[in-house]
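# What the coordinates show
If you want the building blocks of each chain, they are given just below.
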Amino acid sequence: MSEAGTQVGIARARAGAMAGASSSGPTATTRATVLAALTEVMDPELPMVSIVDLGMVGSVTIGPSIDVELLPTYVGCPALDLIRSAVTQRLALFDRPVRVMPTFHPPWSSDRITPAGLAALATAGIAPPTDDAEARCPLCASADVVRDSLFGPTQCRSLYYCRSCRQPFEAIKPV
Amino acid sequence: MTMTTLRPAIVAGLTDLIGTMADDEFVIGFSDSEWTGIAPLLEEDVAMSSLAQDELGHAAALYGLLADLTGSDADALAYDREPGAYRHARLLDHGRGDWAMTIARRYLYETADAVRLEALVDGSWAPLAELCRKLVREERYHLMHVGSWFGRLADTPGEPRDRLETALAVLAPDAGTVFTPLDGETGLIDAGILAASMSELETRWRSVIGPTFARHGLAIPPRTDRPARGRTDHGAPFDWLWGEFNTVRRSDPGAIW
């Protein structure tokens, strides 16, 4: 996890905690406080985005245990075990057991990325998921871009080249 | 329909179906990974490695489902069998070959896999239907990738076209083996898990690839009737691949990563 990613995560978690907690006592175990805590768990392959903003968190149910559904971005996502243990670790501050349940229902889709997630990706030079015709360079906003490869450094990204500012860039694959 | 309410005959049919799908994805994934570092273009090196990662991920999910169904272990299913016990389609048994062979094999396989997945996405057994709906989203990119290469080779006269025709001729007798009939398929169809028989799916697949072959003036592989051998007798290229993908596993059995 990059330092920048960690800082963004901490800032968000603080904001979340202030919104969710009413006093200085132990954090109440509510859906809101759990979600706020999860905004501190960053995606290992996109460390500028939390798993919440990436749309990987499905249902969060508070009962005798905290049940968190995790939607893998890709079936073969190599980071899933890492994310799973990071979630368990982050939620350890609450007063009950944590169950993390990966599910393909509903399937993760790039449409699940939140506006905040898209903004964080854009800041890191990664374009949002769009059709080729709609693709824009995240660095100079030019539409004069060409797709170099459907496949990129991770399963969720494609490679593009901007003919205007002559820079390569990555884009999230629409799935 | 939950796992506990499945009749034994359905469990047997599912074991057969999911086992063959998992072996198909596992073997093509490892075959694709053979291009890592030596693909003809840097972008293709990345693409083949990413495709391999996808396919092996799909295999892991399918073996996981199979392990839940049969009370076994996904890694053991993937690695601890003798070569003769693997049930992938013979289409995947021709060794890596050249780039044209890889594209021809991937094209025939991906188009067949897409037809098979379509027959499963609306199935009545949720764990398999949900997984297949997720797989379809990823396989769309595989189809785009291999479809564009297939067209490129077919439309470039001389060596590219010649090599593609040679590869297709070698693969032709095994082209339809993804649709080798399964013992329990009638039960799966009756239970609403599988939409049509393998034979019917092969007909659908031929109607999908027919126009592409016709447009490029390529001979469509003839329908062959070799049900008994479609997923057995894998031969020397697979024995070699098996030795490769098992190297680490056998070097330290039971190791935990």
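What you are looking at is a predicted structure, and each value in this text was computed from that prediction instead of being measured.

All names here are of chain A. What the domain assignment reports for chain A is domain 1 (3–112) and domain 2 (126–172). With eight residues of domain 1 at the interface, the matching set in domain 2 holds seven residues. Of the roughly 620 Å² buried between domain 1 and domain 2 on both sides combined, carbon and sulfur atoms contribute 68%. On the domain 1 side of the interface with domain 2, the three residues burying the most area are E45, L46 and Y74, jointly 64% of the side's total. Our count for the contact surface shared by domain 1 and domain 2 stands at one residue pair in polar contact (both at pLDDT 80 or more). Looking at the side of domain 1 that touches domain 2 residue by residue, the classes come out as five nonpolar, two polar and one charged.

Facing the 22 residues of chain B at the interface are 21 residues of chain A. Interface of chain B and chain A: buried area, both sides summed, is about 1,900 Å²; carbon and sulfur atoms make up 64% of it. It is K134, R137 and Y141 of chain B that lose the most area in chain B upon contact with chain A, and together they represent 35% of the buried surface on that side. Counting across the interface, chain B meets chain A through zero salt bridges. Listing elements by their share of the side of chain B that touches chain A, those giving two or more residues are α2 (42–70) and α5 (126–154) of chain B. Top element by residues in the side of chain B that touches chain A is α5 of chain B. It accounts for twelve residues.

So, about the side chain of E138 of chain B. Structurally, E138 of chain B is set in helix α5. A polar atom in the side chain of E138 of chain B sits 2.7 Å from the side chain of H58 of chain B. Look past the residues within four positions of E138 of chain B in its chain and what remains in contact with it is T73, Y74 and V75 of chain A together with D54 and H58 of chain B.

Let us look at the confidence of the model for chain A. Residues and elements named next belong to chain A. In this model, chain A carries an average pLDDT of 87, and 85% of its residues clear a pLDDT of 70 or more. Mean pLDDT in chain A bottoms out at helix α1 (residues 3–20), which sits at 43, and peaks at strand β2 (residues 66–70), which reaches 98. Low pLDDT, under 50, characterises residues 1–24; the stretch is placed with 21 contacts to residues that sit more than four places away or in other chains.

Let us now look at α5 of chain B. The end-to-end C-alpha distance of α5 of chain B is 40 Å, a good match for the 42 Å that 29 residues give at a rise of 1.5 Å each. Taken as a whole, α5 of chain B carries its principal kink of about 30° at E138 of chain B.

Our next topic: helix α8 (residues 198–215) of chain B. Residue and element names in this part refer to chain B. Between its terminal C-alpha atoms α8 stretches 26 Å, which fits the 26 Å expected from 18 residues at 1.5 Å a residue. Along α8, the sharpest change in direction is near 35° and occurs at I209; proline P211 comes one to four residues later. Those residues of α8 not exposed but buried are M198, L201, E202, W205, R206, I209, T212 and F213. The inward-facing, buried residues of α8 contact α1 (8–33), α4 (99–118), α5, α6 (159–171) and α7 (185–190). Once α8 ends, the next one or two residues include G217, with phi positive near 65°.

Once that is clear, we can look at the sheet that holds strand β1 (residues 57–62) of chain A. Strand-to-strand pairing in sheets goes through backbone hydrogen bonds, with the strands running parallel or antiparallel. All names here are of chain A. Read across the sheet, three strands follow the order β1-β2-β3 without closing on themselves; strand pairing throughout is mixed. With one partner strand each, in any of the chains shown, β1 and β3 (98–102) form the two edges of the open sheet. For this sheet the average axis-to-axis angle between neighbouring strands, irrespective of direction, equals 15°. Contacts from helix α2 (residues 31–38) reach β1 and β2 within the one sheet, and its direction differs from that of β1 by about 140°. Contacting β2 and β3, helix α3 (residues 80–90) crosses the sheet at an angle of about 155° to β3.

Below, the discussion takes up the sheet that holds strand β5 (residues 145–149) of chain A. Residues and elements named next belong to chain A. Ordered in space as β4-β7-β6-β5, the four strands form an open sheet in which the pairing is mixed. Across the chains shown, the open sheet's two edge strands, defined by having one partner strand only, are β4 (126–127) and β5. Across four bridges, the pairing between β5 and strand β6 (residues 157–162) is antiparallel. Its bridge partner being in β6, V145 is matched across the sheet by C162.

This part takes up empty space enclosed by the protein. Residues and elements named next belong to chain A. By the definition in use, this model includes one cavity of 30 Å³ or more. Here the largest cavity defines a volume of roughly 80 Å³. Around the largest cavity sit D43, E45, L46, L54, T73, Y74, C77, P78, Q155 and C156, which together line it.

Our next topic: the nonpolar core. L38 of chain A together with L14 and L128 of chain B are the most contacted members of the largest nonpolar core, which has 113 residues in total. Looking at which element gives the most residues to this core, the answer is α4 of chain B, with eleven residues. When residues of this core are sorted by domain, at least three fall in each of domain 1 (3–112) and domain 2 (126–172) of chain A. Every residue in contact with L128 of chain B, bar those within four places of it in the chain, is listed here: L14, L17, I18, L62, L65, L120 and I193 of chain B. One finds V145, Y160, C162 and A171 of chain A within the second-largest nonpolar core, a separate group that totals eight residues.

What counts and what doesn't
Residues numbered from 1 in each chain as written. Chains lettered and ligands numbered in written order. Predicted model: local features only at pLDDT ≥ 70, side-chain atom pairs only at ≥ 80, totals over all residues. Heavy atoms only, no water. Domains from an automatic or database assignment. Contact = heavy atoms within 4.5 Å. Buried area = accessible area lost by both parts, 1.4 Å probe. Polar contact = N/O pair within 3.5 Å; in protein donor to acceptor, adjacent residues only side chain to side chain. Nonpolar A, V, L, I, M, F, W, Y, C, P; charged D, E, K, R; others polar. Salt bridge = Lys/Arg side-chain N within 4 Å of Asp/Glu carboxyl O. Helix = DSSP H or I, 4+ residues; strand = E, 2+ residues; numbered from the N terminus. pLDDT = per-residue confidence, 0-100. Expected span 1.5 Å × (residues − 1). Bend = angle between axes of the 7 residues up to and from the residue. Buried < 20%, exposed > 50% of the residue type's maximum accessible area, 1.4 Å probe, protein only. Pairing = 2+ DSSP bridges. Axes fitted to C-alpha atoms, helices over the stretch in contact; angles between N-to-C directions. 1 Å grid on protein atoms, 1.4 Å probe; cavity = no way out; pocket = protein on both sides within 12 Å on 5 of 7 lines; lining within 4 Å. Points joined across faces, edges and corners; volume = space filled by probe spheres on them. Core = buried A, V, L, I, M, F, W, Y, C linked by side-chain atoms within 4.5 Å.

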